[in-house]
2 protein chains.
Amino acid sequence: MSRGALTLDDVREAAARIAPHICRTPLMTSGSLDALAGGKLHFKCENFQHAGAFKARGAANAVFALDGESAARGVATHSSGNHGAALARAAALRGIPCEVVVPEGANPVKRAAIARYGAKIVDCPPTMQGRENALANAVAKSGARVVHPYADFAVMAGQGTVALEVFEAIAPDVLIVPLGGGGLLSGCATVARALSPKTKVIGVEPAGAADAQASFRSGEVRPVSEPRTIADGLRATIGRPNLDIIRERVDDIVTVTDDETVAAMRLAFERLKIVIEPSAAVGLAAVMNDAIVLDGRSAAIILTGGNADLDRLPWSINKEAV
Amino acid sequence: MSRGALTLDDVREAAARIAPHICRTPLMTSGSLDALAGGKLHFKCENFQHAGAFKARGAANAVFALDGESAARGVATHSSGNHGAALARAAALRGIPCEVVVPEGANPVKRAAIARYGAKIVDCPPTMQGRENALANAVAKSGARVVHPYADFAVMAGQGTVALEVFEAIAPDVLIVPLGGGGLLSGCATVARALSPKTKVIGVEPAGAADAQASFRSGEVRPVSEPRTIADGLRATIGRPNLDIIRERVDDIVTVTDDETVAAMRLAFERLKIVIEPSAAVGLAAVMNDAIVLDGRSAAIILTGGNADLDRLPWSINKEAV
């Protein structure tokens, strides 16, 4: 597809296609967090999504958009996390094979989820080269369709359905979206631009993996050689098609530190009484630390997932280290 | 009021009275938990209630039912937990004074919540005698109305609104209610008997504080001299008026061990992606360990509160102790 080709209609088609396979997640509010943030916050709870993350949407759209012949050969991807589980789930729902290349050292909670949905797990070394070689080998044998976690228009369109649900309920002054490879932000910004031009769209990424901010400013993909962040879902390098859409449709990209992210994650547990993973907390971290100043405005913050490692919650780990 | 005098109309009046001050909490479901439990589960999420627990309902009903003259003298209670915070909140909403007697050693999270709502905290020794003396002294000075955490008909009527919301949405085969002093169970059983006679109503209490089961069987209040359980909200001895209602309207009382409770609490975090406190987990613990066998039936399980100590989640503590 050409640059910027993702449209609101693509997202609407995705919404119709995946409706039977995903759940419409709630928007939560909290008076005490509003007071702390200085604005009215609406949290889009994708931690309650099937397989515990918004990734169920893009994966379902990619899998159910395949024609019968392609589908029969199955799907494959490399993923250390939620996309792998989401693709495994979508493939199981359609009854087609799925292979997921998983790097050694991946989050064990997320690895277990991939296995639970019945995908074939292929181990690989924890490098980008290792992942790509393993995926190429797998696909060479099976002829499976590779579903990239974010640099894929069907995936972006599926992720955009998150914003579609937000704007069906409210028209926030600011839409705040965690940013790793940029699949969610691409889809959501496309929806926001079309449905609510006054809404500012802001991506948030970890300071230790701020490739997207650098890429956004320069116009070139600028990978970070060794991303360092607790937000394991946000370590990926922004995709080229994602960057093009984001430069056109997003107002700004801001960063937060891991300490800010961990504090925000804990705050969500404490005040919203919900479980979110570190990657999901960066939006709240941004408003709590004035990376985004609301000044009385309303915001929708996408809480992307809830697959936290409950045996190693980061504020406990930090405390032990002190 | 006379024995068994609590009626559905009392609960309906409470619902109308407290509607502006409480939130209507959602019912959550989980396909994976249904598969584990062997029945269809509906979780009533009072962890999302204001002040983090169903106690907001009974306290609001008691405070807003007072006439102007009584209200002006304020309210008081003794509480180591959620009732104290809920009463403090209700008093703040009505703009009247509130004193809460808090025993030394109480859960610091819950103590902080009481203070946050602006109540005057009165410390006392951690014995029933110490609590009662401190409360009597406080009330002698202020003339405040004592709002007992459960042996109070206005409180019971308020707690019963939880079940009113459940039965407005579904008519489960089984209604499962955590049981400490019996305020919630009294109110909910009254609603269930009136609206859905086929529904079995079952109270669940910790094996280490099983005064209610012994009292239910004997008809006499049978305190446990030293209740030992992690479920700090369920250590209280069942109230006399509560026991009368419960013997008339409840089908059975079952118990769960603390290990079962901790495992169920973790399961709620993991699968429902929500934060609940140990006391809230006993209902899920009962169905996961066959204290209640569903055998394909549907159940509504009341998750009573979410004020967990996030720095000392019990599965982490257990692991450290090994």
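Predicted, not measured: the structure shown is a model, and the values here were computed from it.

Engineer: Got a minute to help me understand the overall build of chain A in this structure?
Structural biologist: From N to C terminus, chain A includes 14 helices and ten strands. Relative to a compact globule of 322 residues, whose C-alpha radius of gyration would be 20 Å, chain A shows 18 Å and is just as compact. Within chain A, buried positions represent 60% of all 322 residues. If you take every contact in chain A between residues at least 6 apart in sequence, the share linking residues at least 24 apart comes to 74%. About 12100 Å² of surface is accessible on chain A, with carbon and sulfur atoms providing 50% of the total.

Engineer: Can you walk me through the sheet that holds strand β2 (residues 40-45) of chain B in this structure?
Structural biologist: Through backbone hydrogen bonds, the strands of a sheet pair up, either in parallel or in antiparallel fashion. Residue and element names in this part refer to chain B. Spatial ordering of the open sheet is given by β1-β2-β10-β7-β8-β9, a layout of six strands whose pairing is mixed. The outermost strands of the open sheet, each flanked by one partner alone, are β1 (27-28) and β9 (252-256). Sheet analysis places strand β8 (residues 200-206) next to β9, joined by five bridges and oriented parallel. Each residue of the ladder has a partner; that of Ile202, found in β9, is Asp252. Here helix α8 (residues 153-169) sits on the sheet in contact with β1, β2, β7 (174-178) and β10 (298-303), set at roughly 140° to β2.

Engineer: Just checking my understanding: could you explain helix α12 (residues 258-272) of chain B for this structure?
Structural biologist: Because each turn of an α-helix spans 3.6 residues, side chains separated by three or four positions end up pointing in the same direction. All names here are of chain B. The end-to-end C-alpha separation of α12 is 20 Å, in line with the 21 Å expected for 15 residues at 1.5 Å each. Among the residues of α12, Thr261, Val262, Ala264, Met265, Leu267, Ala268, Phe269 and Leu272 are the ones counted as buried. Once α12 finishes, Lys273 follows within two positions and takes phi at roughly 60°, a positive value.

Engineer: Mind showing me how you'd approach the pattern of salt bridges here?
Structural biologist: In total, this model carries 34 salt bridges over all chains according to the counting rule given. When the shortest N-O distance is used, the salt bridge between Asp311 of chain B and Arg266 of chain A registers 2.8 Å. Here Asp311 of chain B, found in the loop between β10 and α14 (314-321), pairs with Arg266 of chain A, found in helix α12 (residues 258-272), and the two come from separate chains. Given a relative accessible area of 33%, Asp311 of chain B falls into the partly exposed group. Among the salt bridges present, the one from Arg57 of chain B reaches Glu165 of chain B, with a minimum N-O distance of 2.9 Å. Of the two residues, Arg57 of chain B sits in helix α3 (residues 55-64) while Glu165 of chain B sits in helix α8, which places them 108 residues apart along the sequence. Neither Arg57 of chain B nor Glu165 of chain B differs from the other in exposure class; each is buried. Several salt bridges share partner residues, and in doing so they unite Lys44, Glu46, Arg57 and Glu165 of chain A into one network.

Engineer: What am I meant to see in unusual backbone geometry here?
Structural biologist: Residues apart from glycine generally show negative phi values, whereas peptide bonds are mostly found in trans. Residue and element names in this part refer to chain A. Residues other than glycine seldom take positive phi values, yet Ala51 does so here, at roughly 65°. Structurally, Ala51 is set in the loop between β2 (40-45) and α3 (55-64). By relative accessible area, which is 16% here, Ala51 ends up buried. A positive phi is found at Asp295, a non-glycine position, where the angle reads about 55°. The exposure class assigned to Asp295 is exposed, which follows from its relative accessible area of 72%.

Engineer: Where do I start with the interface of chain B and chain A in this structure?
Structural biologist: By a widely used convention, the size of an interface equals the accessible area lost when the partners come together. Facing the 21 residues of chain B at the interface are 22 residues of chain A. Overall, the association of chain B and chain A removes approximately 1700 Å² of surface from exposure, summing both partners, and the carbon and sulfur fraction of that is 54%. Looking only at chain B, the three residues that lose the most surface to chain A are Lys273, Leu310 and Asp311 of chain B, adding up to 38% of its buried area. At the junction of chain B and chain A, the tally comes to two salt bridges.

Calculation notes
- Residues numbered from 1 in each chain as written.
- Chains lettered and ligands numbered in written order.
- Predicted model: local features only at pLDDT ≥ 70, side-chain atom pairs only at ≥ 80, totals over all residues.
- Heavy atoms only, no water.
- Helix = DSSP H or I, 4+ residues; strand = E, 2+ residues; numbered from the N terminus.
- Rg over C-alpha atoms; globule rule 2.2 N^0.38 Å.
- Buried < 20%, exposed > 50% of the residue type's maximum accessible area, 1.4 Å probe, protein only.
- Contact = heavy atoms within 4.5 Å.
- Areas by Shrake-Rupley, 256 points an atom, 1.4 Å probe, with all protein chains shown as cover.
- Pairing = 2+ DSSP bridges.
- Axes fitted to C-alpha atoms, helices over the stretch in contact; angles between N-to-C directions.
- Expected span 1.5 Å × (residues − 1).
- Salt bridge = Lys/Arg side-chain N within 4 Å of Asp/Glu carboxyl O.
- Buried area = accessible area lost by both parts, 1.4 Å probe.

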